There are 2 protein chains.
Amino acid sequence: MRKLLIIFILFAQFSYTQDDIVIKDIFNTSLTKSKAYSWLDYLSNQIGGRLSGSLEAERAVEWGKSELEKLNFDKVWLQPVMVPRWVRGPKEFALIETEPGITFNVPIAALGGSVATPSVGLKAEVIEVFSLKELEELGKEKIDGKIVFFNRPMEPEFIQTFTAYGRAVDQRALGALEASKYGAIGIIVRSMNLRLDDHPHTGGLTYGDLPESKKIPAAAISTNGAEKLSSLLKIKPKLKFLFRQQCKQMSDVMSYNVIAEKKGTTFPDEIILVAGHLDSWDTGDGSHDDGAGIVHSMDLINIFDNINYKPKRTIRVVLYMNEENGKRGSIKYKEISDREKLNHIFAIESDAGGFLPLGFSFTTDNEKFLKILEWKKFFAPYFINVFIKGGSGADIENLRTDSNVLAGLRPNSQRYFDYHHTEIDTFDAINKRELELGSGAIASLVYLFDKYGIE
Amino acid sequence: MRKLLIIFILFAQFSYTQDDIVIKDIFNTSLTKSKAYSWLDYLSNQIGGRLSGSLEAERAVEWGKSELEKLNFDKVWLQPVMVPRWVRGPKEFALIETEPGITFNVPIAALGGSVATPSVGLKAEVIEVFSLKELEELGKEKIDGKIVFFNRPMEPEFIQTFTAYGRAVDQRALGALEASKYGAIGIIVRSMNLRLDDHPHTGGLTYGDLPESKKIPAAAISTNGAEKLSSLLKIKPKLKFLFRQQCKQMSDVMSYNVIAEKKGTTFPDEIILVAGHLDSWDTGDGSHDDGAGIVHSMDLINIFDNINYKPKRTIRVVLYMNEENGKRGSIKYKEISDREKLNHIFAIESDAGGFLPLGFSFTTDNEKFLKILEWKKFFAPYFINVFIKGGSGADIENLRTDSNVLAGLRPNSQRYFDYHHTEIDTFDAINKRELELGSGAIASLVYLFDKYGIE
């Protein structure tokens, strides 16, 4: 009887000839044996926000390595990389003063990389603008000595909220650099958020080549705060805005990408890379950005082991460091990959949240994309139907070659900017099943690339 | 100049020849001018849970009529219907007693329609079962005088959580009826919930033809409570369960379906019906079940008016009463529709929550379904890709004829049973954009059926 059972089990495994059966098995496994949710619980609740160079980032690296070592990889290692270290300091403070003694508190968060205000705060008149271009039109005369308030909202009519983000984020990324050129002494940016609420959204900025003396402090204001400031400006154009932040750029410190590798049984020189980024902003605990991508990536080998699938090609899981404010981990990985002449035939990144997976976007040539479209049918039973050409992810996009395929997981983006870079990007905003379906989606796509390659 | 502008506007309207342009306009409008979110705010937060026969249900009827009258309908009226009136009474109470004096509180909610326990509560030994069939196997000997604890969980591996619900809900619907036949004195049912938490999920039951004396009290226990009870039973099989609930079935009372109609310009005798249900369970405020469906339906004419679309066929919006515990509104509507020989060529119901719309399920013949599939391409830009054959909705399914088409909106179902029939089905669990995309999806499909009919 026992022998018969073993034969049956062997038969059952070898009878996995149809891809749809394997993929069903992958999704079943993801909904019943995924480790994504419990991993993310630990990363979010026991480690928390983990900005590059912080103690939390150090702990996240240790944790990532230690968890990957428990899985069935051949090798897990740390790849050293120098990262910027920016510290927020004490909680920021801001108010609108419509006349002496009449004030309105508003929630702000320093933008990542910003300089501090004077320790007593920075107080000045405000000029509201809706684009970088408007600065040029207003000119130095109208801007000099003022705080520039960038208030162009994200546009609600875009179905992909990342598109709306891309069309508004120049204010946050370049606002300080550009406003400084016209003599502004600080900037306030409407949060990158489609809804009205009280959470300021931090995020990176650049000062370009500005000398130290020309760097002006920059903060995000919540969307409700922005609405209030805008409406008060209409009544009291001479009102003053005061904000205080004690953030600071420290010296670069050593950190690490965490890498795990399982050699392929048949094509060990063809690498399939699965990635997310381990660092996060410091305001929340980075559950969606990008704890979800980290645990999606880690879950791959857990799922493959559960269904007893042995990859033919080499699988690499990379937990990138420093996506948020420097991409140093990505640059370092690429540099070493080039030096070692590694051949990444396929790479996929999950960095758009832990929401319901709707599909993937692919960076590749048309011929390969048409081949990939033939796999779409395998995903329809899981309501995953979006196979489009488009970007992959900020960390992996530098791995593009003429012949390979890059992809990005595309989850439901409608709620993403409610949480992004705020104190409410926390574990309670994660739905277990949606997170697990993301693991299943990635594992299924990797299975197909592993089985069929890209030729 | 003004004249030119008017000509341009007219031209812009008449140039709407391509359906994809109209549908883009519908979705843009839904994301910028929908009233769904503010309506739902009022219905949920100012009226609240509205079980049939309650004062809240009465207020919801008045509100629905008054809001529909503000829209561009030809006629709004109330359709009287007698509905059951069941009242929950004071908050229920339950505990597990492993030995005298050692007790564990657990959260329960009386099932809708259940009889009360004695006023001091009902206390007995517990027998845990996993199916109705198991009752038969155990027989009267093992069940008599006990509380039956139905503990079969919803199965996580189903992608459509409604499938898992359908496979588990017999315990809630029929458990009391069946257990009573074997002498049980009460039942406790594991909540219809895929996750582990502390919220009991109420919902309807039937006692079938049981005489009054044989009706036994029935309550849902939270999934965490069910896990605790199950694990304690393994250590202390003789433990006792005590629960107290003072719910009561009162006499039927008069209530109403709320109906609004806009006559078609070209085919006034062909009716297109859009519906949700106005009643909800009493524990939460019924935002997802089915406040969302109500405001989706009401939003249709708001959207059409905004894009200046005049329906060729007659549009009816029906806010059904009493879906949750009797379907009397549905039965009444059908009865009068038959009497008046109305021709509903298409009906769509939204009763699966206000989450991201993924598609529709259709009840119709294969020939019509194939024609409908040709419209799928119009929805792809909005990541709405699920066009499947299947059920429509509990209220409209009786409108099926040999020649018409019924449909149900199919939103993302992964989170639905976190909230369903609990005190956390509240407005804060609604995402504005996801709700609005539901309005857009329904309006777009109605536009196509209105323009092309079903022949």
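Residues numbered from 1 in each chain as written. Chains lettered and ligands numbered in written order. Predicted model: local features only at pLDDT ≥ 70, side-chain atom pairs only at ≥ 80, totals over all residues.

1. Quick word on the overall build of chain A
Heads up, the condition is: Per the convention used, a helix needs a DSSP run of H or I reaching at least four residues, while a strand needs a run of E reaching at least two, with both numbered from the N terminus. Just to be clear, the radius of gyration here is over C-alpha atoms, and the globule rule we use is 2.2 Å times residues to the power 0.38. Partly exposed residues are those falling between the two cut-offs: more than 12 but fewer than 20 other C-beta atoms within 10 Å of their own, whereas 20 or more means buried and 12 or fewer means exposed, with C-beta atoms placed from the backbone. Once C-beta atoms are placed from the backbone, any two residues with those atoms within 7 Å are in contact.
Within chain A, the regular secondary structure consists of 14 helices and 16 strands. By the compact-globule yardstick of 23 Å for 455 residues, chain A fits well, its C-alpha radius of gyration being 24 Å. The principal-axis extent of the C-alpha atoms belonging to chain A is close to 90 × 40 × 40 Å. When the 455 residues of chain A are sorted by exposure, 53% land in the buried category. Residue pairs in contact within chain A that sit at least 24 positions apart in sequence constitute 83% of those at least 6 positions apart.

2. Things to note about the environment of T103(B)
Residues and elements named next belong to chain B. One can find T103 in strand 3 (residues 102–105). Of the residues examined, T103 has 14 C-beta atoms within 10 Å and is grouped as partly exposed. Note: C-alpha distance between T103 and K377 (274 residues apart in sequence) is 59 Å.

3. A word on the relation of the copies chain A and chain B
Which entries qualify depends on this criterion: Overlaid copies result from least-squares superposition on C-alpha atoms, with residues included only where pLDDT is at least 70 in both.
Superposing chain A onto chain B requires a rotation of 180 degrees together with a translation of 0.0 Å along the rotation axis, leaving an RMSD of 0.0 Å. Between the two chains, the operation in question is that of a two-fold axis. Minimal C-alpha distance to the rotation axis in chain A is attained by N385(A), lying at 3.2 Å. Of all interface residues in chain A, 100% are interface residues in chain B too; the two copies therefore contact each other through one and the same surface.

4. Some details on the nonpolar core
Threshold: For this entry, the nonpolar core is defined as buried Ala, Val, Leu, Ile, Met, Phe, Trp, Tyr and Cys residues connected by C-beta atoms within 7 Å.
In this structure, L300(A), V446(A), L300(B) and V446(B) are the most contacted members of the largest nonpolar core, which totals 173 residues. If we skip the residues at most four places from it in the chain, V446(B) touches I272(B), V274(B), L300(B) and I348(B).

5. So, the interface of chain A and chain B
Let me state the cut-off plainly: The classification used treats Ala, Val, Leu, Ile, Met, Phe, Trp, Tyr, Cys and Pro as nonpolar, Asp, Glu, Lys and Arg as charged, and all other residues, Gly among them, as polar.
If you look at the interface, chain A gives 22 residues, while chain B gives 22 residues. Classifying every residue of the side of chain A that touches chain B by side-chain character gives 10 nonpolar, six polar and six charged.

6. Looking at the confidence of the model for chain A
All names here are of chain A. The criterion, for reference: Confidence of the predictor at the level of single residues is captured by pLDDT, which takes values from 0 to 100.
Predicted confidence across chain A gives a mean pLDDT of 96, with 96% of residues reaching 70 or more. Counted against residues more than four places away or in other chains, residues 7–16, with its pLDDT under 50, gives three contacts. Listed scores for the predicted complex are pTM 0.95 and ipTM 0.94.

7. Things to note about the sheet that holds strand 3 of chain B
All names here are of chain B. What counts, and what does not: A pair of strands is treated as paired once DSSP finds two or more bridges between them. A fitted line through C-alpha atoms serves as each axis, taken over the contacting stretch for helices, and the angle formed by two N-to-C directions is quoted from 0 to 180°.
Spatially, eight strands are ordered 3-2-9-5-6-7-8-4 in an open sheet, and the strand pairing comes out mixed. The sheet terminates laterally at strand 3 and strand 4 (108–110), the two strands that pair on one side only. Each neighbouring strand pair of the sheet contributes to a mean axis angle of 30 degrees, computed without reference to strand direction. In the packing of helix 5 (residues 132–143) onto the sheet, the strands contacted are strand 5 (122–129) and strand 6 (147–150), and the crossing angle to strand 5 comes to about 145 degrees. Contacts from helix 8 (residues 223–235) reach strand 2 (93–99), strand 3, strand 5, strand 6, strand 7 (186–190) and strand 8 (218–221) within the one sheet, and its direction differs from that of strand 5 by about 85 degrees.

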